[in-house]
Amino acid sequence: MLPKLAESSSVPSKLKQVSKPSRTYALDLEKKRVSGYIDGLAAVQQAVYKILSTERYEHLIYSWNYGVEINRLFGKQMPYVKSEIKRRIQEALTQDDRIQSVDAFSFAVSGRKLLVQFTVHSNLGTFQVQKEVKV
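Residues numbered from 1 in each chain as written. Predicted model: local features only at pLDDT ≥ 70, side-chain atom pairs only at ≥ 80, totals over all residues. Heavy atoms only, no water.

(A) Main features of a nonpolar patch on the surface. A contiguous nonpolar surface patch, about 620 Å² in accessible area, is contributed by Tyr-25, Leu-27, Leu-29, Val-34, Tyr-37 and Tyr-49. At the level of secondary structure, the elements contributing two or more residues to the nonpolar patch comprise β1 (24–28) and β2 (33–38). Mapping Leu-27 onto the fold places it in strand β1. In this structure Leu-27 comes out as partly exposed when scored by relative accessible area, which is 36%. (Patch = residues over 30% accessible without salt bridge, like charges linked within 9 Å, V, L, I, M, F, W, Y side chains within 5 Å. Areas by Shrake-Rupley, 256 points an atom, 1.4 Å probe, with all protein chains shown as cover. Salt bridge = Lys/Arg side-chain N within 4 Å of Asp/Glu carboxyl O. Helix = DSSP H or I, 4+ residues; strand = E, 2+ residues; numbered from the N terminus. Buried < 20%, exposed > 50% of the residue type's maximum accessible area, 1.4 Å probe, protein only.)

Next up, the structure:
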C-alpha cells in the first residue's frame, strides 16, 4: 500500500498575471538607427510594425509565435489572399498581450499589390495601421 501524499499548502490558490513592461528602444526608420526609448502606445505601434515586418518561421532568433505569414500568399488568387491576410494579421498581432483585437479591415487592390488597412485595439489605445502586400 502506498502512503498518502499530504496536500501542499505552499501552492498559492490564486496566481497573479503580470504584464511585461512596454518600454523599449525607439527605432528611427528614416535614419535607420536606434534613438532613445519609447513606452505606452508608441511602443505598441512599433511592436505592430515589427511583427508585420517579420516573416514567421524564417528567423531562428524569434519564437514561432512571432511574425506574420505573408510570403506563402504570393501567387495566390486575390479573393483567397484577402480572406487569409485578415486572419493571419489578427493571429500575428494578438500574440502580443497588449493587443486586444484587430478589426475594421479594408482592402485596395492595384495590380498584384494589396493595401490592407485595419484598426488595432490595445489596452493603451486604438490606432490605424496599413500594410502593403505583394501577391
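(B) Local environment of the pairing of strand β3 (residues 99–110). Sheet topology note: the β3/strand β4 (residues 113–122) ladder contains nine bridges and is antiparallel. Counterpart to Ala-108 in the pairing with β4 is Leu-115. Hairpin connection, β3 to β4: the antiparallel pair is bridged by two residues, and Gly-111 has positive phi, about 65°. (Pairing = 2+ DSSP bridges.)

(C) Here's a closer look at the packing of aromatic side chains. Considering all chains together, one arrives at five aromatic pairs under this definition. Ring centres of Tyr-57 and Trp-64 lie 5.4 Å apart, and the angle between their planes is 85°; on these two criteria the pair is classed as edge-to-face. Ring centres of Tyr-62 and Tyr-66 lie 4.6 Å apart, and the angle between their planes is 20°; on these two criteria the pair is classed as stacked. A residue is classified by how much of its surface remains accessible, and Tyr-66, at 22% relative accessible area, is partly exposed. (Phe/Tyr/Trp six-rings, centres within 6.5 Å; stacked < 30°, edge-to-face > 60°.)

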